[in-house]
Amino acid sequence: MIPPPESTPLPRSFFDRPVLEVAPDLLGRTLVRRTDDGPMALRLTEVEAYAGPLDPGSHAYRGRTDRNAVMFGPPGHAYVYFTYGMWHCMNIVCGPEGNPSGILLRGGDVIEGADLARERRVTSRRPHDLAQGPARLATALDIDRALNGADLCPDDPAGSPFRVLAGTPPDPAAVRTGPRTGVGGDGAAHPWRFWIDGDPTVSPYRAHAPRRRATGRAKGVERNA
């Protein structure tokens, strides 16, 4: 039986493109998450692009480290990081191997497994805020550093925690772009956040607010991916 087009897994070649091509094209795609408690699925509604060594906002701007090593690998893998000592966030690596670009998954609509998401997001008040923001998204889908490097384009989907399906992309006229949330310094003005206009699962935009050290001096750049 031939699966319907929206259920077709995206091939690795989809992610092996420049990050600013892939990011808006991810909107409306379906992220499938296989957990021990059952399957989950999320329709992506908001993402941000990070362009590695060309981008002061990227974790890879200053080169390879143990933390960001997955970004330098082949496309179509998950880069998961821990931030603020509290939250995990998930990115999808894209572009050719050795070119550390990534797309932060900022928001989405939980279309399967909402009951599981609610168990993990006990402070959620409405269905649309279950995965409204990158930390909420990771929490709802039970994503942590153990999934760093997971393959989103596996030969054997049954053995992978993730897949990305073709889903239902929005009308191009509904795609909006603007500055990335919480990015300061030289990367603040890049209009590399993409979202579906009017979708309630899109997170509110917040400009960069410098975190202050104990001495009171502000940090320069907040890097997100």
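For the structure, check the block above.
Every value quoted in this text rests on a predicted model; they were computed, and no experiment measured them.

*Asks:* Looking at this structure, I do not really get the overall build of the protein. What am I missing?
*Replies:* Broken down by element type, the protein carries 4 helices and 8 strands. Secondary structure elements in the protein, listed N-terminal to C-terminal, are α-α-β-β-β-β-β-α-α-β-β-β. Taken over C-alpha atoms, the radius of gyration comes to 17 Å for the protein, in line with the 17 Å a tight globule of 225 residues would show. Counting only C-alpha atoms and orienting by the principal axes, one finds that the protein spans roughly 60 × 40 × 35 Å. Among the 225 residues that make up the protein, the fraction classed as buried is 51%. Restricting to contacts in the protein with at least 6 residues of sequence separation, those with at least 24 account for 64%. Accessible area of the protein: about 10,600 Å², with a carbon and sulfur share of 53%. Taking the 28 positively charged and 26 negatively charged side chains of the protein as two groups, their mean positions are separated by 9 Å.

*Asks:* Got a minute to help me understand the pairing of strand β4 (residues 87–94) in this structure?
*Replies:* A regular strand places its side chains on the two faces of the sheet in alternate fashion. Burial analysis of β4 places 6 of its 8 residues in the buried class, which makes it a mostly covered element. Judged from the 6 bridges that link them, strand β3 (residues 78–83) and β4 form a sheet pairing that is antiparallel. From the neighbouring strand, Ala78 faces β4, where its bridge partner is Ile92. What sits between the antiparallel neighbours β3 and β4 is a turn of 3 residues, in which Tyr84 has the positive phi angle 55°. The sheet contact formed by β4 and strand β5 (residues 101–112) spans 4 bridges and is antiparallel. Its bridge partner lying in β5, Cys94 is registered against Ser101.

*Asks:* Got a minute to help me understand the environment of Arg17 in this structure?
*Replies:* Tracing the sequence through the fold places Arg17 in the loop between α1 (12–15) and α2 (19–26). Look at Arg17 and you get partly exposed, because its relative accessible area is 22%. Arg17 sits 58 residues away from Pro75 along the chain, and the two C-alpha atoms are 8.7 Å apart. Apart from residues lying up to four places away in sequence, Arg17 is in contact with Val22, Asp25, Cys94 and Gly95. A distance of 2.8 Å separates the side chain of Arg17 from the backbone oxygen of Phe14, its partner in a polar contact.

*Asks:* Got a minute to help me understand unusual backbone geometry in this structure?
*Replies:* Across residues other than glycine, the phi torsion is negative in most instances, and most of the peptide bonds are trans. In this structure, Asp142 takes a positive phi of about 55° despite not being glycine. Looking at the secondary structure, you find Asp142 in the loop between α4 (134–140) and β6 (162–165). Given the relative accessible area of 37%, Asp142 is considered partly exposed.

*Asks:* Just checking my understanding: could you explain the pattern of salt bridges for this structure?
*Replies:* Side-chain pairs of opposite charge can arise where the charged atoms are in close proximity. Taken as a whole and assessed by the stated rule, the structure comprises 10 salt bridges. Arg180 is paired through a salt bridge with Asp55; the nearest N and O atoms lie 2.6 Å apart. Residue Arg180 is found in the loop between β7 (175–178) and β8 (193–196), and its partner Asp55 is found in the loop between β2 (38–50) and β3; the two are separated by 125 residues along the sequence. Across the pair, exposure class does not vary: Arg180 and Asp55 are buried alike. It is possible to trace a salt-bridge network through shared partners that takes in Glu46, Glu48, Arg106 and Arg193.

*Asks:* Which parts of the structure should I look at to understand the packing of aromatic side chains?
*Replies:* We describe a pair of aromatic rings using the distance from one ring centre to the other and the angle between the two ring planes. Counted by the stated rule, this structure contains 2 aromatic pairs. Judged by centre distance (5.0 Å) and plane angle (75°), the ring pair of Phe14 and Phe15 falls under edge-to-face. Under the relative-accessibility criterion, Phe14 is labelled buried at 9%. Ring geometry for Tyr79 versus Tyr81: centroids 5.7 Å apart, planes at 35°, classification tilted.

*Asks:* Before we go on, may I ask you to explain a nonpolar patch on the surface in this structure?
*Replies:* A cluster of nonpolar side chains, contributed by Tyr84, Met86 and Trp87, occupies part of the molecular surface with about 350 Å² of accessible area. Among the secondary structure elements, Tyr84 is positioned in the loop between β3 and β4. Look at Tyr84 and you get partly exposed, because its relative accessible area is 47%.

Calculation criteria
Residues numbered from 1 in each chain as written. Predicted model: local features only at pLDDT ≥ 70, side-chain atom pairs only at ≥ 80, totals over all residues. Heavy atoms only, no water. Helix = DSSP H or I, 4+ residues; strand = E, 2+ residues; numbered from the N terminus. Rg over C-alpha atoms; globule rule 2.2 N^0.38 Å. Buried < 20%, exposed > 50% of the residue type's maximum accessible area, 1.4 Å probe, protein only. Contact = heavy atoms within 4.5 Å. Areas by Shrake-Rupley, 256 points an atom, 1.4 Å probe, with all protein chains shown as cover. Lys, Arg positive; Asp, Glu negative; His and termini not counted. Charge placed at Lys NZ, Arg CZ, Asp CG, Glu CD. Pairing = 2+ DSSP bridges. Polar contact = N/O pair within 3.5 Å; in protein donor to acceptor, adjacent residues only side chain to side chain. Salt bridge = Lys/Arg side-chain N within 4 Å of Asp/Glu carboxyl O. Phe/Tyr/Trp six-rings, centres within 6.5 Å; stacked < 30°, edge-to-face > 60°. Patch = residues over 30% accessible without salt bridge, like charges linked within 9 Å, V, L, I, M, F, W, Y side chains within 5 Å.

The analysis is restricted to geometry; functional conclusions fall outside its scope.
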